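Spelled out, the chains give:
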Amino acid sequence: MAVIVTFYVPGVGPELYDSCIERLTAGQGFTSVADLPVPGLLSHASGPVAGGWRVTDVWESIEAFEAFGKVLGPIIADLGYGDLQPEVGPAHNVVIR
C-alpha cells in the first residue's frame, strides 16, 4: 500500500533541502525519482510554507520509505536535524501523470 510522507521543518528555507539533495544524489541533482539511491518513490514535492519548509512524498510502500530513511537519516542528523520526524499515513488514491 502506498504511503504519503510529509516533513515539515520550521525555521528553515531551501538551503537545508538543497544540502540534503546534494548529498542524496552525490551532487547529480534531483529531476527524476530514479535519481534517488533507493527505489520506490512515486512522487515528490517541496516548497516553502509559513514559517518553514515542507517536503511531501508518495512512496509505493512503507518498506520502500523505511529503506530510504536508512539513507536519509544519517544525512539529516549530520545537518543538525536528527530529531526530525515525518508524518506518515496511508494513501487512499495516487494518480501519477
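Structure: see above.
Residues numbered from 1 in each chain as written. Predicted model: local features only at pLDDT ≥ 70, side-chain atom pairs only at ≥ 80, totals over all residues. Heavy atoms only, no water.

K.L.:
Quick question: what am I supposed to make of the side chain of T25 here?
P.N.:
With respect to the helices and strands, T25 occurs in the loop between α1 (14–24) and β2 (41–49). Taking relative accessible area as the criterion, T25 reaches 5% and is therefore assigned buried. A distance of 2.8 Å separates a polar atom in the side chain of T25 from the backbone oxygen of I21. (Helix = DSSP H or I, 4+ residues; strand = E, 2+ residues; numbered from the N terminus. Buried < 20%, exposed > 50% of the residue type's maximum accessible area, 1.4 Å probe, protein only. Polar contact = N/O pair within 3.5 Å; in protein donor to acceptor, adjacent residues only side chain to side chain.)

K.L.:
Can you walk me through the environment of G80 in this structure?
P.N.:
Within the secondary structure, G80 is located in the loop between α2 (62–78) and β4 (87–90). For the pair G80 and P48, spaced 32 residues apart in sequence, the C-alpha to C-alpha distance is 19 Å.

K.L.:
Help me out: how do you make sense of α2 in this one?
P.N.:
Residues that lie three or four places apart on an α-helix share one face, since the helix turns once every 3.6 residues. For α2, which comprises 17 residues, the first-to-last C-alpha distance of 24 Å matches the rise-based estimate of 24 Å (1.5 Å per residue) to within 8%. The largest bend along α2 measures about 35° and falls at V71, with the proline P74 one to four residues further on. Of all the residues in α2, the buried ones are A64, F65, F68, L72, I75 and I76. The secondary structure elements touched by the buried residues of α2 are β1 (3–10), α1, β3 (52–59) and β4. After α2 finishes, the residue G80 shows a positive phi value of roughly 95°. (Expected span 1.5 Å × (residues − 1). Bend = angle between axes of the 7 residues up to and from the residue. Contact = heavy atoms within 4.5 Å.)

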